[in-house]
Amino acid sequence: MKTMLRTFLLVPFFALLFFTSCQEEVVDITSAQESEALTSDTELTVLISATSTLDGSQDNVIDKASCLSVELPVTVVVNGLEIIVDSEADYKVIEAIVKEFDGNDDILSIVFPITVMTSNYTEITINSKEELHALVEACYGENEEDDDIECIDFQYPLSFAVYDTDFQVIDVVNVEGDRQLHRFIERVKIGDVFASLEFPVTMELADGSEIVVNNNMELQAAIEEAKNACDEDDDNDYGDHDFTKERLDNILKTCPWIVYEFKRNEESLDDKYREYGMVFKEDNIVNVFARGGAMLTGTWSTNVTDHGAVINLQFETLVDFTLEWFVYEIEPGKIKLFREGGNRAILKKNCEIDLGITLERIHNYLQQCYWRVDELKVDDSNSEDEYIGTPLKFFENNIVKIRVNGELVAGVYNVVKTNAGFVLQITLVNRPRLQLEWLITFLEPGLIKLEGVGNKDNKMILERHCPEGDGDVLEISNVLAAGDWVVAAYENAESGSNINTDTFMNHTISFLISGYLKVTNAENVVVNKGSWLIYRNDGLRLGLRFGSEAPFSYLNHRYKITSVSSTRIELKDFSSTGTVESVLVLDRKN
């Protein structure tokens, strides 16, 4: 199992926690680790540099240079209209105006001075059109092959071990984005530092999928394979126009499309239409599935003109969708539509979803495996933390059980069809926030989204949990249940100095295979109990839910498992922005 075999080059452990730190003692590095070092003359160093190079093509409609990026806000004048550009969304507005005038770029002028960033993240102040032109001339031309690699990206944070000339670790550097990575690798390229990257590393491909690489060889192969695998779209008019009507039709017909954003006449209609599904069929019939399963039928057609592509949608009842939409951008798995007058829509492809919701399908879905409460919001209160480690299990004969402290507490459920769609009703003792009527708004393998009947602000998301089909989940669960554990290390950026590793001394944590979690003190008295669950969600995770009593209540989190062996498990809790908020290390008790 790859997860079980993961090793760390970077010690001590908490050197990883807060972005940059130094070791107090020198650590010997084996020859195998030396072979993973990045130096100025390795091909991988060049590839990492190219992958982290700034891509300036997103604002080409303004500066006509893919090696430059204009820092926002910036003021431009388009056909006499002054526009303050303060977000990337404004690029599409500018492009649409330019195309209304047959693509005449001369109708756009920039109000100087401006600040631009070059491909190596150097900031330059530009005071005139002539100065900008001189920089643009130094760039590669439109759609010419350039140095940056845009078809694969690193997922952050990353960690590097820095070596001295004897290949001993002298520092640890955490990297949070392309700019920081590029500048660090430039130091490697000039021989200023020797470093190695901590694995595994997650890479995102152009279609949004992710791959995990475990060493330098796998990383180099992944970058080389992906670097020419997509259209980098370095056109000077922003957006993808390198397609034909046939290609556009095929893209639309490949899979269902889900409405992600929707605006008509400057009014956001996201609450009304978000997660509607669209299926484009061969005979120019388009089916639109409302949340809850109701289906509306219309027609669709496409055309590619000198001004770009258009999609014409016609419905008798779905007036908001009836329009000739201009396609201003196509990305892997995403189409963006625009029409003057404040009309915009974003569609995302979903090949996994089956939009034909039926009562039988809902029951079959519910009775497959367990379901984790991933999100629960009732009366403006987020309550999902109450359900860490406590999955639901739906049975035949309308029985539902929730696993609490290792025991299945029984209740009842029902699915009924209403005018609004299918409604899930749950009755569980002492679980009032679940005991509501929930309209099923989204149903796909592994995921169910619901909203409260009578209060659309009440939301619940259920994610499927099938431990029997996941060898990693079973193996880590068995490791934890095989013995008792102690807190070997704990750090929390928010809890303050009063809660640390010493707080949990003389306490033993026991993981029962049933999901029951208990804490005993030095006298073997149970002082806390709760639930635990190993599951997969963007990697392997351990959900811990102790009782409300301090100090173990501070450990209530959905941790990402960063390393595991038969005697130690290392966990991190990340914020929504990807920064580390807490680190927990458990050691097997002798």
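Keep in mind that this is a model prediction, so the values were computed, not measured. (Residues numbered from 1 in each chain as written. Predicted model: local features only at pLDDT ≥ 70, side-chain atom pairs only at ≥ 80, totals over all residues. Heavy atoms only, no water.)

**Let's talk about the overall build of the protein**
Scanning the protein from N- to C-terminus turns up 11 helices and 39 strands. Across the 590 residues that make up the protein, the buried fraction comes to 48%. (Helix = DSSP H or I, 4+ residues; strand = E, 2+ residues; numbered from the N terminus. Buried < 20%, exposed > 50% of the residue type's maximum accessible area, 1.4 Å probe, protein only.)

**Describing the side chain of Ser575**
Note on placement: Ser575 falls in the loop between strand S38 (568-574) and strand S39 (580-588). A polar atom in the side chain of Ser575 sits 2.8 Å from the side chain of Thr579. (Polar contact = N/O pair within 3.5 Å; in protein donor to acceptor, adjacent residues only side chain to side chain.)

**Looking at the packing of helix H2 (residues 43-51) against helix H6 (residues 178-189)**
Running from amino to carboxyl end, H2 crosses H6 at an angle of 150°, the nearest separation of the two axes being 9 Å. Classified by the angle their axes make, H2 and H6 are roughly antiparallel. For H2 against H6, the interelement crossing comes out left-handed. Residues Thr45, Ile48 and Ser49 of H2 touch H6, and the partners they reach there are Leu181, His182, Ile185, Glu186, Val188 and Lys189. (Axes fitted to C-alpha atoms, helices over the stretch in contact; angles between N-to-C directions. Parallel < 35°, antiparallel > 145°, perpendicular 65-115°, else oblique. Left-handed = near helix turned anticlockwise from the far one by under 90°. Contact = heavy atoms within 4.5 Å.)

**Quick look at the side chain of Glu384**
For Glu384, the location among the structural elements is in the loop between strand S24 (381-382) and strand S25 (392-394). Glu384 has contacts with Val373, Asp374, Glu375, Leu376 and Arg558, leaving out every residue within four places of it along the chain.

**Some words on the packing of aromatic side chains**
Applying the stated criterion to the full structure yields 14 aromatic pairs. Measuring from ring centre to ring centre gives 5.2 Å for Tyr273 and Tyr276, while their planes differ by 90°; the resulting arrangement is edge-to-face. Tyr276 matches Tyr273 in its accessibility class, with the two residues each being buried. Considering the side-chain rings of Tyr273 and Phe321, the 5.0 Å spacing of their centres and the 85° angle between planes classify their relative orientation as edge-to-face. With Tyr273 in helix H9 (residues 270-273) and Phe321 in the loop between strand S19 (308-314) and strand S20 (323-331), this residue pair connects regions lying 48 residues apart in the sequence. Each member of the pair, Tyr273 as well as Phe321, carries the same accessibility label: buried. (Phe/Tyr/Trp six-rings, centres within 6.5 Å; stacked < 30°, edge-to-face > 60°.)

**Focus: the sheet that holds strand S6 (residues 114-118)**
A sheet is described by the order of its strands in space; here three strands give the open sequence S2-S6-S7, paired in antiparallel fashion. Each edge of the sheet is formed by a strand with only one pairing partner; in this case those strands are strand S2 (68-70) and strand S7 (123-126). The sheet shows a mean angle of 35° between the axes of neighbouring strands, taken without regard to direction. With four bridges connecting them, S6 and S7 associate as antiparallel partners. Counterpart to Thr115 in the pairing with S7 is Thr125. Across the sheet, helix H5 (residues 129-137) is in contact with S2, S6 and S7; its angle to S7 comes to roughly 140°. (Pairing = 2+ DSSP bridges.)

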